[in-house]
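# Working through the structure, step by step
So you can see what is in the structure, the chains are spelled out below.
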Amino acid sequence: MTKLVTLTIDDQQVSVPAGTLVVDAAKQIGNDIPVFCYHPKMEPVGMCRMCLVEIGRPMVDRGTGEVLLDENGKPRIQFGPKLETACTTPVSEGMVVRTQTQVVADARREVLEFILTSHPLDCPICDKGGECPLQNLTMGYGPGQSRFLYDDKIHLAKHVPLGELIYLDRERCIQCARCVRFQDVIADDPVIGFYNRGRRLEIVSFSEPGFDSIFSGNTTDICPVGALTSADFRFGARPWELKQSASICTHCPVGCNLTFNTRREARAGGNPVIKRVMPRQNEQVNEIWICDKGRFAYHYTESPQRLTHPLVRRGEGFEEISWEDAFRLAAEKIGASQRLLTLAGGRLSNEDLFNLRELTLAKNGQTVLYSDMAGGDLTASFGLAPGSNFGSMGKETAILVVACDLHEEAPLWWLRIKAAAQRGARLIVLNPRPTRLDKFAAHSLRYAYGEESAALSAFLPAADGPETYRAAVADFQSAENVVILYGSEGIGLTQSQRLAHTAAAVLAGRGKAGQVNNGLVAVWQRANDQGAWDAGFRPLEDLPAALRKAEVALIAAADPAGDDPMLAQALEETGFVIVQELFMSETARRADLVLPVQAFTEREGTFTSGERRVQRFYPALPPRLQTRADFVVTAGIAKALGLDLEGRAASLVFLRLAKTLPAYAGLTYTQLAEVTPQYPIIGRSDLYYGGTAYDNHQGLGVQLPLLPAAQPVVAAGAQTAAPTAAGEGEILLAPVTRLYDRGSTVLPSTLLHQRLAGKSIRLNPQTAAGFGLNAGQTVRLSRDGWSVEARVELDEQLPLGVGLAVRSTGIPLASAAAVRLDRLTVASAD
Amino acid sequence: MSQHILLRHRDIPNLDRLEVYRKHGGFEAFRKAVTSLQPAEVIQIVKDSGLRGRGGAGFPTGLKWSFCPNTIWPHYVVANADESEPGTFKDREIMESNPFQFLEGLMIAAFAIQANAAYIYLRGEYWQIGKLLDQKIAELEAAGLLGDHLFGSSYSLRLYTHMGAGAYICGEETALLESLEGKLGQPRLRPPFPAVAGLYARPTVINNVETLANVPPIIQNGAAWYRDFGTDKSPGVKVFSLSGHVNRPGNYELPLGTTFRELIYNYGGGIREGRNIKAIMSAGASSSLIIANEKALDTPMDYESLVGLGASLGSASVIVLDETVNMAWLAHKTTHFFKHESCGKCTPCREGTYWMTHILERIVDGKAVEADVELLQAVASQMQGKCLCALGEFSILPVLSSLQKFRADYLQKVAAPSLEVES
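Nothing here was measured: the structure is a model prediction, and the numbers come from that model. (Residues numbered from 1 in each chain as written. Chains lettered and ligands numbered in written order. Predicted model: local features only at pLDDT ≥ 70, side-chain atom pairs only at ≥ 80, totals over all residues. Heavy atoms only, no water.)

## A few points about the nonpolar core
Put simply, the rule reads: Side-chain atoms within 4.5 Å link the members of a nonpolar core, which is a set of buried Ala, Val, Leu, Ile, Met, Phe, Trp, Tyr and Cys residues. Buried means the residue's accessible area, taken with a 1.4 Å probe over protein chains only, is under 20% of the maximum for its type, while exposed means over 50%, and partly exposed covers the values in between. Only heavy atoms enter the contact rule, under which two residues are in contact if any of them lie within 4.5 Å.
Val402(A), Leu406(A), Leu427(A), Leu430(A), Phe459(A), Leu485(A) and Leu593(A) are the most contacted members of the largest nonpolar core, which totals 209 residues. Apart from the residues within four sequence positions on either side, Leu485(A) is in contact with Phe390(A), Ile399(A), Leu400(A), Val401(A), Val402(A), Leu406(A), Trp413(A), Ile417(A), Val521(A) and Val523(A). Listed in part, the 61 residues of the second largest apolar core include Val20(B), Leu37(B), Ala109(B) and Leu140(B).

## Some points on the domain arrangement of chain B
Residues and elements named next belong to chain B. Condition: Each domain's limits were defined by an automated method or a database of domain assignments. Summed over both partners, buried area is the accessible surface (1.4 Å probe) that two parts give up on being assembled. By definition here, a salt bridge exists when the distance from a side-chain nitrogen of Lys or Arg to a carboxyl oxygen of Asp or Glu is within 4 Å. Counted as a polar contact is a pair of N or O atoms within 3.5 Å, where, for protein atoms, one must be capable of donating a hydrogen and the other of accepting one, and residues adjacent in sequence contribute only when both atoms are in side chains. Note that Gly is not counted as nonpolar here; it falls among the polar residues with everything else outside the nonpolar set of Ala, Val, Leu, Ile, Met, Phe, Trp, Tyr, Cys and Pro and the charged set of Asp, Glu, Lys and Arg.
The assigned domain composition of chain B is domain 1 (8-227), domain 2 (237-322) and domain 3 (327-415). Using only C-alpha atoms to locate each centre, domain 1 and domain 3 end up separated by 35 Å. Taken together, the contact pairs 13 residues of domain 1 with nine residues of domain 3. Summing both sides of the interface, domain 1 and domain 3 together bury roughly 850 Å²; the carbon and sulfur share of this comes to 69%. Counting across the interface, domain 1 meets domain 3 through zero salt bridges. Our enumeration of links across domain 1 and domain 3 arrives at two residue pairs in polar contact (both at pLDDT 80 or more). Of the residues assigned to the side of domain 1 that touches domain 3, the class counts are six nonpolar, four polar and three charged.

## Details of the interface of chain A and chain B
Listed as interface residues are 31 residues of chain A and, on the opposing side, 31 residues of chain B. With both sides pooled, the region where chain A packs onto chain B buries about 2700 Å², and carbon together with sulfur makes up 58% of that total. Summed over the three residues of chain A that lose the most area to chain B, namely Phe114(A), Arg147(A) and Arg197(A), the buried surface amounts to 28% of that side. Here chain A is connected to chain B by four salt bridges. Ionic pairing is found between Asp152(A) and Arg362(B), a salt bridge with its closest N-O pair at 2.6 Å.

## Examining the pattern of salt bridges
Two side chains of opposite charge can pair, provided their charged atoms sit close to one another. Under the counting rule described, the total for this entry stands at 80 salt bridges over all chains. A salt bridge links Arg17(B) to Glu19(B); its shortest N-O distance comes to 3.4 Å. Taking the relative accessible area as the measure of exposure, Arg17(B) reaches 42% and is therefore partly exposed. Linked through salt bridges whose partners overlap, the residues forming this network are Asp122(A), Lys158(A), Asp169(A), Glu171(A) and Arg172(A).

The structure is reproduced here in C-alpha cells:
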C-alpha cells in the first residue's frame, strides 16, 4: 500500500501517493500546470522550464528534526529562492505550491517569449494549428507581442525527412526531447537523437532507412508543436475540419483502439475520406499508442480497385447482377447442395461470422477458419481472465512467449510486455532465433525449428527439461501469476495444435486458470481469429481436399487461391464458389459469384482481441452504394433460403450472438460502449499534457469470461515431432511473420513500400554457403507444383540448416517444409 | 610565493619526472594513506584543512567526499580537467609540469572514498596533456604505485584518461558525467547529486585538478599546516590565472586573502602601457564585473570577501581590463562565448544567450537604440533563476553587472552615429 502524501496547491489540499510529481498531483485536482517537455508516460527531464512554480516546504529544525511552527501553530513554510519545475519535483508532506501568483505568471510568459523567439510564424501553414500545445499555451500564458527582431530569427531546414514516413521542421522544434525519449525508453528504437548544441541543437535520424521504428508515428502525436508530421497526413486538413470515428485496428490481434479522422472532399465527389488514423486511449489495450502499420496501412479501404457491384460468372468473365438475383442464385445453389463449405477469414467481425455460422449450420455445412494457427478453443477456456491487463503485470508475473516474434506479430503486445519486464515481470522467451524481446527477457531459450512443443514441455509440472532451461522453469513455477503467449514462428497448423495443447497443459499444471493476470494468449495472424473460433470456425488440416469435395464453397475475407497454387487448383474442382470480398482477388477471379462487401471503416461491428476483449468499431465513412456488410449479405442469402437471420443492424445480430455463444452471454452494444475515466488524462482539452491521441468516449470493450474446458487438456507429448527432412537439392523452409508484408491490406499504402519485406528467403551465411549462395542472389523455390523466384538474404542470427520465408510475400508456405532450391545463374554474375 | 605548494616545478627542476618527484617526497602521502590511515581518517584530515573546491564552486572538499553512501558500490573519483573557463589556465600548468602531484592527489581521493577506478576527464584541446598523463600513469603502474594490492594492502586502483571534444558545458560536473558515459554532454537534473548517484548512477566524487593537487601536501604535512596559509574561512593557497591588460600575465600561486592590488601590481607588473585599470573579472567570463576602484583593489581575494563587491572568486581567473575597454564590447564577447557553448537543453539559456548576443551585436556595431539596452536588461533578467544549470545563470552576470556599473559604455554605443564618440 503506497503511502499517501498531503500537500496544498493554491490553497487546495490534495492527497496523492508518495512519489507523485507536483505536476501530476495538480492535474488530478484540475490545476493544469503548463508543460512542454513533460509527458505523463515518461520520466521528467525539466528542460523546457514551462512548469516553474513556487514551491515551499515546512521548515525543519536541523538539530531536532521538528517542524517549526508559526504563531498560529501552522508549519512555517520556506519558499525556495528560485522557482522550481513542477515536473521534476515529487510531492512531500506539507508542501505548499503556488501556481497563480504574479511571479509564476511572469515566468510562464517569459519562457513562452523565449520559445517564440526562434519559432517561425508558421501557424497558417502548419499542420498542428488547431491542436497545438504551443498555440494553446501561448494563448493562455504567453506575451501578446514579440520584442524579438524578426531579422534576428534563426532560419533552419523545414522539410527534413527523418525517414520517408516522418518529416521534421527544424524551425518549429522546441527541443523538448519528447520524441527522442519516446523512441529510446518506450519504443526501444533509439534511432533519432540530438546533434549539435545550443540554438543549433537539432534532431537527426541515425538509422538506415531513416527513423527505422515501427512506432515512429507516435512521435507526431506527442510532439508539442508542428515539428514532426507524418508523410501521410501533412498538409492534409485542419484538425477542426475533421470528424472523429472510433474504430479498432484490424491488422493484428491486439485490437488497438483507433480514431479515424475524416473530412468531406470535392475529389471524392463530396463524400468523406479518411485523412488520418490516430490512437484512441484504452489503457488496457494500447494505452495511447499505435504502431505504424495501424497508422498508415488503411488506404486499401479506399482503393479504387474495390469491388463495386455483385458479379456473376459468364464464361471467362463476369457480368453485373442485382443483389436480389445474387441472393437468389446463391440460395439456389446452397439449397440444392449437400456439402456446403464456409471458409471464413479472421478479418470478419463477430456479427459476420455469426451469420455465416448460422447459415452454414442450418445447411449442415462445415465452418472452416482460414488460418494456420490452432488453439482458439483452448483460449476460450484457458485465456486471460477478465481484469487481466499487461499494464498491471510486475514481478509477481511470469510471461512466457513461445514461437513468436512479438515485435513483428503484435507490436503493441511487445511494447506492453517489454514494459512489464522492465517493471520486474519474469519474461521468458522461447524461440528458435533471437528476436527484439530477448533484450528484456530474464531467460532467452532456444530450440530447433520443429521442436517448439517439446521445448515448452519442459514447463509442465514435474517435467525433466534441458539443463539450460532449469532457471527459467524455476522462475516460471514459482511465479504468482503466469501468462503464456504462443505465436506462429516457423509453424503451421499441425504444429500449432500441438503447441497450443502443450501451452494449455502447462497453464493447467499451474492451476491458475481464471485468475486475473493468468492465461493463454494466442498471437493470432488476424484481428478476429478469436471471434471466429468462438463462433465455431475451425481450421482444417487438409483444406484442398475439403475444397475439392465441396459442392458449394462460401468464402469470405480469405484469398486461398492467391496464397497457395495448391488451393487455387483445388478451387477449380469445387462446385459453386461464392466469394464475399473487397477486391477482385485471385479467389474472386475463380469464383462463380462475387459479392462486394463493405470495409470495416464503412460499417459497425465488433472484434474479439487475442486478450479476449470484445470491442466495438463504428463507421467512419458512408458505405459505397452497391456494397453490403458481410452479415447483411449472409442474411440476404439466408432469407432467400427461407431462413430467418438478422440483417437489419449489427447490434441486432450481436443480440442473437449473445444468446447463442456462451462466452458472449448477456453482452450488449451498450455495455461495449461504456467508458470509465482513464489515467493519464488526455484528449482534446488536455492535448498539451498527453499529446493529440483521442480520448475514448465510445467504449473500452469487455473481456469475455472463460468457459469450462470441454475436456481435460493433454500436452502434445515431449517427444519431438519428426523433423521434416530436406533431401538433395532441397532446403527446409519455415514461415515467419513480418509486420510490413505484401498482403492485400498493406500494398495499397504506397508510402510504406520502402519498408515492405521482399520476396526473399533468409539464411544463415554458413547454410547459404552450403548451397553455394551469396546475399542478393536469386533462387528458384519449388514444391507441390508451385514455383517462385526469391532473393537470398543472409542473417547470422539464424540457426543452421533452415531458411525463413516471410508470409504474405508470395512464397506459399503454410508450415515448415522441404522446398526444392535451384540457383538461378544471372548473366552478369562473375 | 617563495616555496610553492602546487607549482613546485618552479622551485624544483624536472619535477615531472617520477624519480625526481619521489626524491622530493613524492607518493609518501599516498603510501601513508593506504598503509596507515583509514579512508574516514583521510576524509577528516581534508575536512579539517578547510580545502575548498578550486574549480569555481568553492564547496568544502572533505565534506563532498563524506557524502558518498557506503551502501552503494562501486564508488568513482573523476578529476575535472575540462578547464574551459576563459582566462583559466592553472590546471594546464599543474598537469604539464607537476603531473605526479595531481595524480597523487587523485589517488588519495580515490582511497578516501574507496574507489578502485578513477577517471581524468580532459578537455579535447588538451590531447597532448592526455597523452602525457597516460605515460605518467603507465610509469606509476610499472612502479607498483597503481594496480592491484598496493603496498601489499587489499586496495587496488587504476586511473584512466578520457578526452572531451570541445564543449565548455562538459566542465559542468553532471554534463561531464554524461560525456564520460558516452552520451550527449548535457547537464542532469539534481537531485540526485553525483556523490550519491554520479558516474553510471554510482556515488562519484568530482574534483578539480588544482583541488586534488592540494591533497598530497595536506596529508603529508597535516591540516593545521595547511590552515597556516590563507584566511580562516578560505584557508590554503590558490593558483591565480592573471590575464588581460597586465604586464606579466600568467599563473601565480598565492595564499587566499591576497589582495587584487598585490596580484595585479606586485606580481602582474601593473597595467601595460601605464594605462588606468577599469574593471576586474575575478571568475573568468562567469563574472560580475568589479569596478577597479581603490576599495576593490584592496579587497582580499577569497571566497567570502568578494561578495561585498557583488562578485565571486570562482576559479580565480583574474582578467584585468583597462580604460580602453568598452564594457558593452566585453559583454558581447562573453555572451557570444556562452551562446556558442550553451548545450541547448533548457529554453532560457538556449534562446536567451542567442537573443542577448544579437542585441549586443547591434549595440557593438552601432546599430542599436537606447531601447535595445533596456531590452538587453530585460532579457538577461528574465533568464535569471530559470536555467537548468550554472552556465545560463552565469552568462547573464557580465551583462547585468556591466549594465549596472558601466551603463555609460552602452549609451556611448547607441548615441547617434554621426556624433564623434570617444572609444
